[in-house]
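Listed below are the residues making up each chain.
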2 protein chains.
Amino acid sequence: MNQVRQTKRTTIYDLAELAGTSASAVSAVLNGNWKKRRISAQLAEKIMRIAEEQGYALNMQASLLRREKSHIIGMIVPKYDNRYFGSIVETFEDMARARGLFPIITCTRRDPQLEVEAARTMLSYQVECLIATGATDPDRITEMCAAAGVRSLNLDLPGALAPSVISDNFAGARELTRRILKNSELRLGKMEPLLFIGGRGSDHNTAERIRGFREAHADLGVAVHEENILACGYAPEKAEKALDERALGGDALPKGMFVNSTISLEGVMRWIRRSGHLDDRSLVLGCFDWDPFVTLLGNGIEMVRQDVPGMLTKVFELIESGANKPVVIQVPPLIPEAQEA
Amino acid sequence: MNQVRQTKRTTIYDLAELAGTSASAVSAVLNGNWKKRRISAQLAEKIMRIAEEQGYALNMQASLLRREKSHIIGMIVPKYDNRYFGSIVETFEDMARARGLFPIITCTRRDPQLEVEAARTMLSYQVECLIATGATDPDRITEMCAAAGVRSLNLDLPGALAPSVISDNFAGARELTRRILKNSELRLGKMEPLLFIGGRGSDHNTAERIRGFREAHADLGVAVHEENILACGYAPEKAEKALDERALGGDALPKGMFVNSTISLEGVMRWIRRSGHLDDRSLVLGCFDWDPFVTLLGNGIEMVRQDVPGMLTKVFELIESGANKPVVIQVPPLIPEAQEA
DNA sequence: CAAGCTTGCTCAATCGATGAAGCAAGAATT
DNA sequence: AATTCTTGCTTCATCGATTGAGCAAGCTTG
């Protein structure tokens with residue numbers, strides 16, 4: 001029934017026996033501080049050779065149980081379905097490894113229950129630090145971590161109890177709005193108020209972006225229409241539905257739109273396509289987030305690209321500095337060269 | 001200097017002392033088999049209450065060290081920068097959790113060295129099973145796992161030593177090619193041989209896709225031009241460069257193209273845009289892989305969407321069946337409704 | 001009422017790696 | 001020759017959770 005399968009994995013005791021030495025000598029050699037423990041180079045070499053031959057792999061659980069620090073760093077992330085989070089995860093893994101940490105990441109699908117469970121599991125794995133990315137309830141996670149004596153940080157969405165690293169949503173949105181308005185003027189000959197679509201009105205980032213959106217309108221002397229702010233959620237279907245409803249609502253939809261994420265942009269583009277505006281070059285769009293294909297959509301869509309390496313650099317600086325105060329660090333997003341129309 | 005920080009994490013011994021009972025009773029209660037161990041409901045409730053109050057979190061390292069099975073399942077994945085791998089990772093996490101397993105995932109950036117290191121680390125964490133997704137050297141990983149008595153599986157790219165679950169690349173590519181050729185006929189009035197671009201000639205998937213590409217041409221009586229097969233790698237820049245070189249190569253580029261991944265498609269679209277073909281509706285494209293924005297690119301680009309849930313279902317079936325033989329299971333990809341031009 | 005059963009716990013060994021403390025043999029110093 | 005130092009190991013307790021074995025008290029049965 002079963003294939004050939006080693007009954008037991010090789011341990012330092014097996015290696016000690018094979019080398020005719022003690023387990024502690026083996027341990028010292030394999031974890032690299034054999035010089036400190038005064039093991040002869042000869043024995044060290046022998047042990048390393050035997051370990052190699054036997055395909056020995058450390059039992060991390062045993063090692064971690066004994067050691068004081070786990071060197072494990074955890075991250076929870078809402079989704080893997082867009083470039084922003086994908087790049088956060090990839091960069092995080094890289095930077096963690098470069099610092100000798102072992103990253104573990106889990107996706108919580110914007111589900112508060114899952115977030116809490118994931119955090120508890122990470123604590124069980126003795127993470128030294130937990131990064132809550134885009135968490136729906138970051139403070140809950142901070143509290144859990146604090147109770148276990150583990151430090152935590154917020155990324156993308158801020159919390160009140162732990163340090164947070166987020167994009168400068170206000171400035172980014174203001175600049176993006178300004179650009180969309182300027183494009184409107186250029187392409188349509190006039191500056192009309194834009195539609196804001198996507199995101200959750202309750203989340204900090206969306207609120208700040210709406211603030212930037214208003215400010216840019218005010219700066220350019222354009223009135224913002226209240227019914228044109230549709231914080232309908234992130235999912236594409238929600239954006240699509242919100243546009244349907246807004247379109248039924250009487251007066252014509254604005255030609256210019258500020259779309260609050262690439263995910264929402266999917267819904268917006270679907271709506272545009274469905275409602276026959278696909279070739280309507282008079283649509284002037286901007287998106288708070290970046291995706292390579294959006295550039296190629298060819299409607300001259302402006303994008304704001306959040307500075308993922310910059311944000312994670314700040315995250316690791318905070319970790320290394322040991323700071324615990326609930327500051328909010330805002331990282332300016334990158335705004336690529338203006339798109340041609 | 002230091003913030004208030006709990007010196008020590010709460011253990012079952014602390015809880016035992018608080019409850020006036022033994023550590024083994026606490027352990028039995030908290031891991032749920034207190035009925036089996038004949039602990040009274042009264043004591044169980046008391047212990048659970050105290051554990052709650054103290055914010056107790058299990059030390060997984062200690063627990064795993066003692067137990068026979070870790071319930072950890074590992075996956076290595078090349079990148080997080082496209083929908084295919086993003087969806088693999090998200091679905092994998094979900095399905096693993098649904099089976100009571102703890103998923104750990106790491107990204108190896110198509111770097112053989114990193115793959116090996118990641119595999120070794122996962123073995124140290126006592127994974128029960130390791131899934132090598134799109135690995136450059138899957139057999140190397142299988143060997144490492146076998147030496148540790150750990151089962152392994154290949155996903156996306158097959159290996160010779162462990163069971164593999166992959167897309168039916170041949171059938172998918174044949175159907176995609178057929179569709180592109182039909183679209184050519186429809187839009188250009190004639191069926192001209194296509195250009196194949198992207199992927200590595202050395203990888204199994206690319207080879208199979210090229211085979212399907214040829215077969216579809218043969219079926220429709222179109223000759224394939226050898227210099228039109230550009231397996232130039234996956235990165236966008238490589239596709240862009242390959243097109244540049246091919247364009248210099250004398251005769252005109254084909255109007256129809258089979259692009260071997262969304263990542264390569266980025267490069268192709270960039271090239272198209274740069275070379276002024278962006279509004280050229282005579283271009284007829286197809287892409288082996290799916291991205292929501294590609295639909296919206298509006299050139300009627302055909303896509304093949306790999307059946308990620310189907311593939312992972314097979315993966316878990318293999319795991320549960322305990323099969324170890326190096327079979328290759330091919331999962332038919334999904335081909336969405338034909339795109340309008 | 002003695003023997004046996006049930007209930008509800010506790011004891012102690014164990015998982016594998018680590019590192020402080022200790023020990024034996026040889027080298028160096030007085 | 002006696003003392004101290006150095007080298008190169010080994011011994012053993014430990015990390016926290018798990019679990020087989022065991023034990024005491026109460027209950028049942030003949």
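Residues numbered from 1 in each chain as written. Chains lettered and ligands numbered in written order. Predicted model: local features only at pLDDT ≥ 70, side-chain atom pairs only at ≥ 80, totals over all residues. Heavy atoms only, no water.

A. Inspection of the sheet that holds strand S8 (residues 229-230) of chain B at higher detail. Residues and elements named next belong to chain B. The strand order across the open sheet formed by five strands is S8-S6-S10-S11-S12, and the pairing between neighbours is parallel. Since the sheet does not close on itself, it has two edges, and those belong to S8 and strand S12 (302-304), each with one partner. Relative to S12, strand S11 (residues 284-288) runs parallel, the two being bridged by three bridges. Paired with Gly286 across the two strands is Glu302, which belongs to S12. Helix-sheet contacts for helix H8 (residues 169-188) involve strand S10 (256-259), S11 and S12, and the interaxial angle to S11 is about 165°. Its contacts with the sheet place helix H11 (residues 262-274) against strand S6 (195-197), S10 and S11, and it is angled at close to 155° to S11. (Pairing = 2+ DSSP bridges. Helix = DSSP H or I, 4+ residues; strand = E, 2+ residues; numbered from the N terminus. Contact = heavy atoms within 4.5 Å. Axes fitted to C-alpha atoms, helices over the stretch in contact; angles between N-to-C directions.)

B. Region of interest: the domain arrangement of chain A. Structurally, chain A comprises domain 1 (12-61), domain 2 (72-162) and domain 3 (169-304). The distance between the C-alpha centroids of domain 1 of chain A and domain 2 of chain A comes to 35 Å. (Domains from an automatic or database assignment.)

C. Representation of the pairing of strand S3 (residues 129-133) of chain B within the structure. All names here are of chain B. Counted residue by residue, S3 has five buried out of five residues, so it is predominantly covered. Examined bridge by bridge, strand S1 (residues 72-77) and S3 share four bridges and lie parallel to one another. Directly across from Met75, in S3, lies its bridge partner Ile131. Sheet topology places S3 next to strand S4 (residues 151-155); five bridges connect them, and they run parallel. For Leu130, the partnering residue across the bridge sits in S4 and is Ser152. Note that the unit made of S3, helix H7 (residues 138-147) and S4 has a crossover that is right-handed. (Buried < 20%, exposed > 50% of the residue type's maximum accessible area, 1.4 Å probe, protein only. Right-handed = clockwise from strand over helix to strand, strands pointing away.)

D. Structural detail: the protein's contact with DNA strand D. The immediate surroundings of DNA strand D are formed by 26 residues, with A:Ser22, A:Arg38, A:Ser40, B:Tyr56 and B:Arg66 found nearest. Expressed as a percentage, the sugar and phosphate content of the atoms of DNA strand D within 4 Å of the protein is 48%. The contact in question runs from a phosphate oxygen of DNA strand D to an N or O atom on the side chain of A:Ser22, over 2.6 Å. For DNA strand D, a phosphate oxygen lies 2.6 Å from a polar atom in the backbone of B:Ile12. (Near = heavy atom within 4 Å. Polar contact = N/O pair within 3.5 Å; in protein donor to acceptor, adjacent residues only side chain to side chain.)

E. Structural detail: the nonpolar core. With 54 residues, the main nonpolar core has A:Ile73, A:Ile131, A:Leu155, B:Ile73, B:Ile131 and B:Leu155 as its most contacted residues. Contacts of A:Ile73, omitting those with residues within four sequence positions, involve A:Phe92, A:Ala96, A:Leu101, A:Phe102, A:Pro103, A:Ile104, A:Val127, A:Cys129, A:Ile131, A:Phe316 and A:Ile319. Ranked by size, the runner-up nonpolar core spans 48 residues in total, among them A:Leu296, A:Met303, B:Leu243 and B:Cys287. (Core = buried A, V, L, I, M, F, W, Y, C linked by side-chain atoms within 4.5 Å.)

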